[in-house]
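Residue strings, one per chain:
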Amino acid sequence: MLKIYGVYKSRATRILWLMEELGAPFELVPVLQAYKLKDPMADGVRLNTRSPEFLAINPMGSIPTIEDDGLVLNESLAQTLYVAKTSGGPLAPKDAAEDALMLQWTLFGATSIETEALKIAMANNEGRLGTEAGQAEAKAVARILARPFGVLEKHFAAHDYAVGERFTVADINLAEIVRYAQAYQPLFDAHPKTAAWLARVQARPGFKAMWEKRLAEVE
Ligand SMILES: N[C@@H](CCC(=O)N[C@@H](CS)C(=O)NCC(=O)O)C(=O)O
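Parameters and conventions
Residues numbered from 1 in each chain as written. Predicted model: local features only at pLDDT ≥ 70, side-chain atom pairs only at ≥ 80, totals over all residues. Heavy atoms only, no water. 1 Å grid on protein atoms, 1.4 Å probe; cavity = no way out; pocket = protein on both sides within 12 Å on 5 of 7 lines; lining within 4 Å. Points joined across faces, edges and corners; volume = space filled by probe spheres on them. Helix = DSSP H or I, 4+ residues; strand = E, 2+ residues; numbered from the N terminus. Nonpolar A, V, L, I, M, F, W, Y, C, P; charged D, E, K, R; others polar. Domains from an automatic or database assignment. Pairing = 2+ DSSP bridges. Axes fitted to C-alpha atoms, helices over the stretch in contact; angles between N-to-C directions. Contact = heavy atoms within 4.5 Å. Near = heavy atom within 4 Å. Polar contact = N/O pair within 3.5 Å; in protein donor to acceptor, adjacent residues only side chain to side chain. Areas by Shrake-Rupley, 256 points an atom, 1.4 Å probe, with all protein chains shown as cover. Sits in = over half its atoms within 2 Å of the grid points. UniProt positions renumbered as here; feature names shortened; annotations may be inferred. Buried area = accessible area lost by both parts, 1.4 Å probe. Salt bridge = Lys/Arg side-chain N within 4 Å of Asp/Glu carboxyl O.

Let us look at the layout of surface pockets. The gaps left among the atoms become clear once a water-sized probe is rolled over them. Reported here for the largest pocket is a volume of approximately 1000 Å³. Forming the boundary of the largest pocket are 37 residues, of which Ser10, Arg11, Tyr35, Leu118 and Tyr180 lie nearest the centre. The biggest single contributor to the lining of the largest pocket is helix H4 (residues 96–125), with six residues. Looking at the lining of the largest pocket, its residues break down into 14 nonpolar, 12 polar and 11 charged. A domain split of the lining of the largest pocket shows at least three residues from each of domain 1 (2–89) and domain 2 (96–204).

This is the structure we're talking about:
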């Protein structure tokens, strides 16, 4: 059975959402981010991203990691693409062209959106978005994101989904990156087709099931 190391409040949401969509069984091994612990190296402390046992599996010390029949994958976006492809069905690419497009949207999200969008997520998590400085920070980020969001907007004006006119793993990868910017509404007001796509994919029972479990997590 597929083993997932991580917690819901992490990039593990990507593979955990996919598993909900697939309705497939998995084992979740709770590994917490070290920065959430006072002393991650203390004796008897819970498994975390600095634990030697976990570093032996993922030398980067980041979550999520997956293990499938001896294969270890430490990058979240590679994990979803791998599991979608090995599971087959509509979430997976049906041919090499779709495979390339799914990889392209995934890499576009990771390289052109994620770093900036995370700044909005962090400002929000740290309670800064409500302040004048936080709003100014988000506005500056939104200016940078205007270019990749313009690309998304053009695509979603013509298509309901990223690839193949159906919901696929590419939507999961992209949506879980775009979500980081979701707390800054003006960016989405300026890109209504992208906002509608995000709402559409987040309305799926698979996303909602994953999100409920994330909200229920204490850490
Ligand atoms: N590129 C990696 C990044 C993983 C990553 O940074 N994960 C964070 C949690 S979302 C983490 O493990 N942070 C804890 C740490 O660095 O100790 C991926 O997408 O899997």
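That covers the picture; the talk isn't over yet.
Turning our attention to the sheet that holds strand S3 (residues 65–68). With respect to topology, four strands assemble into an open sheet ordered S2-S1-S3-S4, the strand pairing being mixed. The strands lining the two open edges of the sheet, one partner per strand, are strand S2 (26–30) and strand S4 (71–73). Neighbour-to-neighbour, the strand axes of the sheet open up by a mean angle of 20°, direction not taken into account. Contacting strand S1 (2–6), S2 and S3, helix H1 (residues 13–22) crosses the sheet at an angle of about 145° to S1. Contacts from helix H3 (residues 76–87) reach S1, S3 and S4 within the one sheet, and its direction differs from that of S3 by about 30°.

Close contacts around the ligand come from 13 residues, with Arg11, Thr49, Ile63, Glu75 and Ser76 the closest. One of the side-chain nitrogen or oxygen atoms of arginine 50 is found 3.5 Å away from an oxygen atom of the ligand. Taking serine 76, its side chain carries an N or O atom lying 2.7 Å from an oxygen atom of the ligand. Expressed as a share of its isolated accessible area of 510 Å², the protein-covered part of the ligand is 77%. Judged by the fraction of its atoms near the pocket grid, the ligand is located in the largest pocket. Its residues assigned to classes, the shell around the ligand comprises two nonpolar, seven polar and four charged.

Per the UniProt record, the feature "domain: GST C-terminal" (unreviewed entry) sits at residues 95–219. A helix fraction of 76% and a strand fraction of 0% characterise residues 95–219, whose end C-alpha atoms lie 40 Å from each other.

Time to look at the domain arrangement of the chain. Under the domain assignment used here, the chain contains domain 1 (2–89) and domain 2 (96–204). In this assembly, domain 1 packs against domain 2 so that about 1300 Å² is buried in total across both faces, 62% of it on carbon and sulfur atoms. When the buried surface of domain 1 facing domain 2 is broken down by residue, Arg14, Trp17 and Leu81 rank first, second and third, together holding 45% of it. Counting every contact that joins domain 1 to domain 2 gives four salt bridges. Its salt-bridge partner being arginine 204, residue glutamate 21 comes within 2.8 Å of it at the nearest N-O pair. Summed over the shared surface of domain 1 and domain 2, the number is eight residue pairs in polar contact (both at pLDDT 80 or more). Secondary structure elements with two or more residues in the side of domain 1 that touches domain 2: H1 and H3. For the side of domain 1 that touches domain 2, the per-class residue count stands at five nonpolar, two polar and four charged.

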